[in-house]
Structures are given as C-alpha cells and as structure tokens.
Amino acid sequence: QVQLVESGGGLVQAGGSLRLSCAASGVIFRINAMGWYRQAPGKQRELVATIPNDGSTNYADSVKGRFTISRDNAKNTVYLQMNNLKPEDTAVYYCNAAIATIGAPYGKSYWGQGTQVTVSS
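Thresholds applied
- Counting restarts for each chain: residues are numbered from 1 in the order of the written sequence.
- Owing to the predicted nature of the model, reporting of local features is limited to residues with pLDDT of at least 70; listing and counting of side-chain atom pairs is limited to 80 or more, with chain, interface and lining totals taken over all residues.
- Each side-chain value is derived from all of the structure's non-hydrogen atoms; neither hydrogens nor water enter the calculation.
- A pair of cysteine sulfur atoms is labelled a disulfide when the two atoms are within 2.5 Å.
- Elements are defined by DSSP. Helices are runs of H or I of four residues or more, strands are runs of E of two residues or more, and each kind is numbered from the N terminus.
- Being paired, for any two strands, means DSSP has found at least two bridges between them.
- Lines fitted to the C-alpha atoms define the axes, with helices restricted to the stretch that makes contact. Angles between their N-to-C directions range from 0 to 180 degrees.
- Burial classification: accessible surface area is computed with a 1.4 Å probe over protein chains only, and a residue below 20% of its type maximum counts as buried, one above 50% as exposed, and the rest as partly exposed.
- By salt bridge we mean one thing: a side-chain nitrogen of Lys or Arg within 4 Å of a carboxyl oxygen of Asp or Glu.

Enquirer: Let's hear about the state of the cysteines: which residues, and what values?
Expert: Between two cysteines, a covalent bond joining their sulfur atoms is known as a disulfide. All chains considered together, the criterion is met by 1 disulfide. At a sulfur-sulfur separation of 2.1 Å, the disulfide partner of Cys22 is Cys95. Taking the sign of the S-S torsion, about -80 degrees here, the bridge from Cys22 to Cys95 comes out left-handed. Placement of the pair is Cys22 in strand E3 (residues 18-25) and Cys95 in strand E9 (residues 91-100), with a sequence separation of 73 residues.

This is how it looks when you write it as structure tokens:
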C-alpha cells in the first residue's frame, strides 16, 4: 500500500524559513507529478507548487520567488523549501503525488496526512 509521509512543519517567525519533506513508500512502479498544496482555516485547499517527473516546476503566484520545490527520484521524495515566510502562509500543507502501481498502472493520486506550518508576525 502506498503512503506519503510528510515532515518539517512547525512554528516560525515572519521572514524565517522551513523545509518540508514528503517521502512515498510502498510498492511503486513510477511516480509522475508531485506537488504541495495548502489549506488555511476557513479556506479551500490551494495549489502551492508542482514538479512533474521531467523536473519542470510550477508555482502559485503568492509563493513565487520565496518557495522552491524539488524532488529526489532515488528516494521517492519531494521537498518544499520555504523562505521569507509570511503570516498568510500559515496553513496545513499537504503533499500530493500521482503514483503508478501494479494495481493502478496508469497512476492514482495520493495525499499525505498534512503538516502544520504556522508563521507568527
């Protein structure tokens, strides 16, 4: 069974940095796109950044120039380096990956459990 396990969230002051990690485990045939989403209280979940398996990247306008997404295919892991954090970045951050397995050869979307990021002013 495939699982995504996130780590790296926490409390930080405005202007600070955090690095989130998300590792996929299980019997994996291939990982296609990976990404990070976030959900603030009372708001809908929104895209933060994505990285397909060709290494290209896509960012929400609100995080461009501050956040960097990367992946280590050998470790089945995606990272999100967050710099110059702002109070409006406070949210639960979720990892997402499109993963092909023997049972789902064309890929299936998986989500992590979420990690809280709180930025104080």
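Enquirer: I'd love a proper account of the sheet that holds strand E1 (residues 3-7), names of residues and values included.
Expert: As summarised here, the arrangement of the 4 strands in space is E1-E3-E8-E7, forming an open sheet in which the pairing is antiparallel. Each edge of the open sheet carries a strand with a single partner, namely E1 and strand E7 (67-72). The mean inter-strand angle of the sheet, taken between neighbouring strand axes irrespective of direction, is 15 degrees. Pairing of E1 with E3, which is carried by 5 bridges, proceeds in the antiparallel orientation.

Enquirer: Could you give an account of unusual backbone geometry, naming the residues involved and the relevant values?
Expert: Look at Asn76: it is not a glycine, yet its phi comes out positive at around 50 degrees. A relative accessible area of 24% places Asn76 in the partly exposed class. Backbone geometry at Asn84 places phi at a positive 50 degrees, although glycine is not the residue there. Relative to the assigned elements, Asn84 resides in the loop between strand E8 (77-82) and E9.

Enquirer: Could you give me a rundown of the pattern of salt bridges, with the residues and numbers involved?
Expert: In the structure shown here, the tally under the stated rule is 4 salt bridges. Asp61 is the salt-bridge partner of Lys64, the closest N and O atoms lying 3.1 Å from each other. Taking the relative accessible area as the measure of exposure, Asp61 reaches 64% and is therefore exposed. Taking the shortest distance from any N to any O, the salt bridge between Arg66 and Asp89 comes out at 2.7 Å. Remark: Asp89 occurs in the loop between E8 and E9 and Arg66 occurs in the loop between strand E6 (58-59) and E7; sequence separation between them is 23 residues.

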